[in-house]
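So the chains spell out like this:
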Amino acid sequence: MFTSKTKKVTAILLAGAIAFPGLISDAQVSAKAKCAVKKITLEKGEKKTIKVKGKVKGAKYSFKSSKTAIAKVSAKGVVTAKKAGKAVITVTEKKKAKKKTIGKVNVIVKNNVKTTPQTETTAAPAVTAAPSNAPTVAPSKEPAATPVVTPSAAPQKTEEPTATPAATPSSKNKEFIDEEFDVPEDYYDEMDDYTYMEPQKITYYSKVSEADRKAVIYLPVNYDAGKKYPILYLLHGAGGDEDEWKGGHPERVVGNLIRAGKCPEMIIVCPNQVVVAPGEKDPGQALSQARFNAFNRTLEELKTSLIPYMEENYSIMEGRDNH
């Protein structure tokens, strides 16, 4: 039972809360900040600003692109499309010592659509009758000779040029791209209710290079040596190495597919395709002939060294369909 003194104290506290609403914590009154969009599509050279809704007072927001060569983002969230491809802009909120990701925006950059301008047609000039050159004949008893009249040459009729139709993308191609390559937005996001694989560096002996080489692997979170797993080998581009795929976050894409029940747990391997000959060093230059020669040894490297190493040291399913 409340005493009169307790009631009085309670009344004072309630009155204070009404008079000084600032005493209530920020978590109770502030809205949760989030990105206004989850996906934007731009053509090369275009710009668009990522807006943050429900900004928290006193917090600062930063933007980071996963691939600045494709989509560059400024400190104010202005995205500039650099070249065709896909990138992810991560938006981070920082207040005092606390820092958290409030959203990710998938950016798709397309090449500029080139169209052929319509050609204006020129109207053909009107054809006029040739003027008569017949002279005036004076009356005479003699019958007048009929003068010979030479008609003027009629002007040639100008043919109308045929306009080239504007280029339009094939509807079948568009349907194919939308169906086969349009990755759902949330497949790049980190879900709070799922634990993702983490990259690990391994060292194995290469029979091609006759030296130890590096590779990056992703093992299932609850990897069990008593269970067999399919394996996925991800190959990088001309200027990359075994670490290049880290920026593409394969653990998120595959992890979200596993989470959605659309693919089984698997092992992911990212090799270094710059397979140098014995005694040679990485040529470095991405588009050099020496680097192309090193790339050409990738298949032999996989067959003779990396695949046997993975099969010997990890629990991998057999068969072509599982590799």
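Scroll up to find the structure.
Parameters and conventions
- Residues numbered from 1 in each chain as written.
- Predicted model: local features only at pLDDT ≥ 70, side-chain atom pairs only at ≥ 80, totals over all residues.
- Heavy atoms only, no water.
- Pairing = 2+ DSSP bridges.
- Helix = DSSP H or I, 4+ residues; strand = E, 2+ residues; numbered from the N terminus.
- Axes fitted to C-alpha atoms, helices over the stretch in contact; angles between N-to-C directions.
- Buried < 20%, exposed > 50% of the residue type's maximum accessible area, 1.4 Å probe, protein only.
- Core = buried A, V, L, I, M, F, W, Y, C linked by side-chain atoms within 4.5 Å.
- Contact = heavy atoms within 4.5 Å.
- Salt bridge = Lys/Arg side-chain N within 4 Å of Asp/Glu carboxyl O.
- Phe/Tyr/Trp six-rings, centres within 6.5 Å; stacked < 30°, edge-to-face > 60°.
- Bend = angle between axes of the 7 residues up to and from the residue.
- Patch = residues over 30% accessible without salt bridge, like charges linked within 9 Å, V, L, I, M, F, W, Y side chains within 5 Å.
- Areas by Shrake-Rupley, 256 points an atom, 1.4 Å probe, with all protein chains shown as cover.
- Lys, Arg positive; Asp, Glu negative; His and termini not counted.
- Charge placed at Lys NZ, Arg CZ, Asp CG, Glu CD.

> Summarise the sheet that holds strand S5 (residues 60–65); cite the residues concerned and give the values.
Strand order in the open sheet made by the 4 strands is S2-S9-S8-S5, with mixed pairing throughout. This sheet does not close on itself; its edge strands, each paired only once, are strand S2 (39–43) and S5. With direction set aside, neighbouring strand axes in the sheet form an average angle of 25°.

> Describe the sheet that holds strand S10 (residues 199–206), naming the residues involved and giving the relevant values.
As summarised here, the arrangement of the 4 strands in space is S10-S11-S13-S12, forming an open sheet in which the pairing is mixed. The outermost strands of the open sheet, each flanked by one partner alone, are S10 and strand S12 (231–233). In this sheet, neighbouring strand axes are inclined to one another by 30° on average, regardless of whether the strands run parallel or antiparallel. Alignment of strand S11 (residues 211–218) against strand S13 (residues 267–271), held across 4 bridges, turns out to be antiparallel. Its bridge partner being in S13, Val216 is matched across the sheet by Cys270.

> Summarise unusual backbone geometry; cite the residues concerned and give the values.
Located in the positive-phi region is Lys96, a residue other than glycine, with phi close to 60°. For Lys96, the location among the structural elements is in the loop between strand S8 (85–95) and strand S9 (98–110). The exposed category is assigned to Lys96, whose relative accessible area is 78%.

> A description of the nonpolar core should follow, citing residues and the corresponding values.
In this structure, Val79 and Ile89 are the most contacted members of the largest nonpolar core, which totals 22 residues. The element that contributes the greatest number of residues to this core is S9, accounting for 4 residues. Once residues within four sequence positions are removed from consideration, Ile89 is found in contact with Ile50, Phe63, Lys64, Ser65, Ala71, Val73, Val79, Gly103, Lys104, Val105 and Val107.

> Tell me about the pattern of salt bridges, residues and numbers included.
Between side chains of opposite charge, a pair can form when the charged atoms approach closely. A full pass over the atoms with the stated rule returns 8 salt bridges. Residue Asp243 is joined to Lys246 by a salt bridge in which the shortest nitrogen-to-oxygen separation is 3.1 Å. Under the relative-accessibility criterion, Lys246 is labelled partly exposed at 37%.

> I'd love a proper account of the environment of Ile50, names of residues and values included.
Residue position: Ile50 is located in the loop between strand S3 (47–49) and strand S4 (52–53). Here Ile50 falls in the buried class, since its relative accessible area comes to 3%. Expressed as a C-alpha distance, the spacing of Ile50 and Val79, which sit 29 residues apart in the sequence, is 7.3 Å. Excluding residues within four positions of it along the chain, Ile50 makes contact with Phe63, Gly77, Val79, Ile89, Val91 and Val105.

> How would you summarise the pairing of S11 if you had to cite specific residues and measurements?
Here S10 pairs with S11 via 8 bridges, running antiparallel. Pairing of Tyr204 across the sheet is with Arg213, part of S11. Between the antiparallel neighbours S10 and S11 lie 4 residues, among them Glu210 with a positive phi of about 55°.

> Quick one: what's the story with the packing of aromatic side chains, residue by residue and with numbers?
With the rule as written, the count across this model stands at 4 aromatic pairs. Taken together, a centroid distance of 6.1 Å and an interplanar angle of 40° make the contact between Tyr204 and Tyr309 tilted. Remark: Tyr309 occurs in helix H6 (residues 298–313) and Tyr204 occurs in strand S10; sequence separation between them is 105 residues. Feature note: the residues Tyr223, Tyr229 and Tyr314 constitute an aromatic cluster, connected by ring pairs.

> Account for the environment of Pro283, with residues named and values stated.
With respect to the helices and strands, the residue Pro283 is situated in the loop between S13 and helix H5 (289–295). The sequence separation of Pro283 and Asn293 amounts to 10 residues, and the corresponding C-alpha distance is 9.9 Å. With residues up to four places along the chain from it excluded, the contact list for Pro283 reads Val274, Val276, Ser288, Ala290 and Arg291.

> Talk me through H6; I want residue IDs and the actual numbers.
The sharpest bend along H6 measures roughly 35° and falls at Leu306, with the proline Pro308 sitting one to four residues further on. Taken as a whole, H6 has its buried residues at Thr298, Glu301, Leu302, Ser305, Leu306 and Met310. Packing partners of the buried residues in H6 comprise S10, S11, S12, S13 and H5.

> Can you break down helix H4 (residues 250–259) residue by residue, with the values?
The buried fraction of H4 amounts to 7 of the 10 residues, a majority that puts the element mostly inside the structure. All of the buried residues along H4 are Pro250, Glu251, Arg252, Val254, Gly255, Asn256 and Ile258. Elements in contact with the buried residues of H4: S9, S11 and S13. Positive backbone phi, at 75°, marks Gly261, one or two positions downstream of H4.

> Explain a positive patch on the surface to me, and be specific about the residues and the numbers.
A surface patch of like charges, here positive, comprises Lys32, Lys96, Lys98 and Lys100. Structurally, the position occupied by Lys32 is in the loop between helix H2 (26–29) and strand S1 (34–35). Accessibility expressed as a relative area gives 72% for Lys32, which makes it exposed.

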